[in-house]
Amino acid sequence: MMRLTFLGTGTSVGVPTIGCKCKVCSSTDVHDKRLRASALVETDSTRLLIDCGPDFRQQMLGQDFRRIDAVLLTHVHYDHVGGLDDLRPFCVFGEINIYADKLTADGIKHIIPYCFSKHKYPGVPDISVNVIKPHDVFRVGDIDVMPVQVMHDKLPILGYRFGDLLYITDMKSIADIEFGYIEGVKVLVVNALRFSPEHHSHLTVGEAMNFVRKVGAEHTFFTHMGHDIGLHEEINKLLPDGVKLAFDGQKIDF
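The structure presented is a predicted model; accordingly, all values stated were derived computationally and were not measured.

### Comments concerning the overall build of the protein
Helix and strand counts for the protein come out as 6 helices and 14 strands. For 254 residues, the compact-globule estimate of 2.2 N^0.38 gives 18 Å, and the C-alpha radius of gyration of the protein, at 17 Å, lies within 12% of that figure. On the principal axes, the C-alpha backbone points of the protein span a range of 55 × 45 × 35 Å. Within the span of the protein, comprising 254 residues, buried residues form 54% of the whole. Split by element, the accessible area of the protein, about 11500 Å² in all, is 53% carbon and sulfur. Taking the average place of the 27 positive charges on the side chains of the protein and the average place of its 33 negative ones, the gap between the two points comes to 3 Å.

This is the structure:
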């Protein structure tokens, strides 16, 4: 059995959004407080981190302190990689392997160049970057990982399949060929920014629902949501059976 923990389910600016007094940003419901999108996938012996955004330190203060066996990056945008320096405490367990496509791997070397210099400053994260490609399955501990490719506007980025679960964020479109690699998933995590207006690089709820129906998973959880998606409690009542807004701290066994 594996478990996914949502560390964050918010969009790039988080919820509440600075300076906003809308009903969502003003809500006292903890389900309406959304850190930047990230998740843990774990078994009893292996722990994988999906994305490492600027809220990573805050997110991990509430988790057990144990080894992170791998960091899987979806793409190089700051809200998904801005917390990489905060991996430092976890290096007491040894070097941390980061998996990313070539564009992202090259990008993080510019974001945190001091981690890759010949003469490293003492105390920098001890990380190793592994370049991966869509559909090439790799294994970390006792977890098989299959990267799939989706489009974030014109930027190709990665989603990840772990057995019966598929995790996708920041998608706007997906090529037909990818459906052969995601067939049969039972649990789907996918981004849904808001109901309207349409966004150039993120799915709206309506677009996400079209994807949900095509995938046919038994359970779907929306992530990477903005404040304008609405209140957690109200919107969950409107969504069809099997589809829910995820929330920070939620755990899913699969």
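### Describing the pattern of salt bridges
Tallying each qualifying case throughout the model produces 15 salt bridges. Between Arg88 and Asp85 there is a salt bridge, with the nearest N and O atoms lying 2.9 Å from each other. Overall, Arg88 belongs to the partly exposed group, its relative accessible area being 41%. Here the residues in one salt-bridge network are Glu42, Arg47 and Arg66, joined through shared partners.

### Overview of the sheet that holds strand β4 (residues 70–72)
The strand order β6-β5-β4-β3-β2-β1-β14 describes an open sheet built from 7 strands, whose pairing is mixed. Across the chains shown, the open sheet's two edge strands, defined by having one partner strand only, are β6 (127–131) and β14 (251–253). This sheet shows a mean twist of 20° between the axes of neighbouring strands, independent of strand direction. In this sheet, strand β5 (residues 96–100) lies alongside β4 in parallel orientation, the contact comprising 3 bridges. By the bridge assignment for β5, Leu72 is matched with Tyr99.

### Some remarks on the sheet that holds strand β12 (residues 219–223)
Pairing between sheet strands relies on hydrogen bonds along the backbone, with the strands arranged either parallel or antiparallel. Strand order across the open sheet formed by 7 strands is β7-β8-β9-β10-β11-β12-β13, with mixed pairing between neighbours. In this open sheet, the two edge strands, each paired with only one partner strand, are β7 (138–140) and β13 (243–245). Strand-to-strand, the axes of this sheet are offset by a mean angle of 30°, without reference to chain direction. Strands β11 (187–191), β12 and β13 of the sheet are contacted by helix α5 (residues 205–215), whose axis makes an angle of about 155° with β11.

### Looking at the pairing of β5
Summarising burial for β5: 5 of the 5 residues are buried, a large majority. Of the two faces of β5, the one holding Ile96, Ile98 and Ala100 and the one holding Asn97 and Tyr99 are both buried throughout. The pairing of β5 with β6 spans 5 bridges and is classified as parallel. Paired with Ala100 across the strands is Val131, a residue of β6. As for the winding sense of the linkage, the β-α-β connection from β5 through helix α3 (residues 102–111) to β6 is right-handed.

### So, the nonpolar core
Here is a general trend for soluble globular proteins: nonpolar side chains tend to be buried in one another's company. Among the nonpolar cores identified, the biggest contains 29 residues, and Met171, Ile182, Leu188, Val190, Phe211, Val215 and Phe222 are the most heavily contacted of them. The set of elements that each furnish at least two residues to this core consists of β8 (143–152), α4 (179–182), β11, α5 and β13. Looking at which element gives the most residues to this core, the answer is α5, with 6 residues. The residues touching Ile182, leaving out its near neighbours within four places in the chain, are Val148, Arg161, Leu166, Ile174, Phe211 and Val215. Listed in part, the 27 residues of the second largest apolar core include Ile143, Phe162, Ile252 and Phe254.

What counts, and at which threshold
Within each chain, residue numbers correspond to sequence positions counted from 1 in written order. Predicted model: local features are reported for residues with pLDDT of at least 70 only, side-chain atom pairs are reported and counted for 80 or more only, and whole-chain, interface and lining totals are derived from all residues. To get the side-chain values, take all heavy atoms of the structure and skip hydrogens and water. Here a helix means four or more residues in a row that DSSP labels H or I, a strand means two or more in a row labelled E, and each is numbered from the N terminus. Radius of gyration: over C-alpha atoms. The globule rule applied is 2.2 Å multiplied by the number of residues raised to the 0.38 power. Residue burial is assigned from relative accessible area. The probe radius is 1.4 Å, only protein chains are included, and a residue is buried under 20% of its type maximum, exposed over 50%, and partly exposed in between. Here the Shrake-Rupley method, with its probe set to 1.4 Å, supplies the accessible areas, and only the displayed protein chains count as covering residues. For this count, His and the chain ends are skipped, Lys and Arg are scored as positive, and Asp and Glu as negative. Taken as the charge centre is NZ of Lys, CZ of Arg, CG of Asp or CD of Glu, depending on the residue. Salt bridge, as used here: a side-chain nitrogen of Lys or Arg that lies within 4 Å of a carboxyl oxygen of Asp or Glu. Here, a strand pair is defined by DSSP locating no fewer than two bridges between the strands. Every axis in this analysis is a line fitted to C-alpha atoms, fitted for helices over the stretch in contact. Angles between the N-to-C directions lie between 0 and 180 degrees. In what follows, residue pairs with any heavy atoms lying within 4.5 Å of each other are defined as contacts. With the strands aimed away from the viewer, a crossover counts as right-handed if its path from the first strand over the helix to the second runs clockwise. By convention a nonpolar core is built from buried Ala, Val, Leu, Ile, Met, Phe, Trp, Tyr and Cys residues, the set being connected through side-chain atoms within 4.5 Å.

This is a description of form; function is not addressed.
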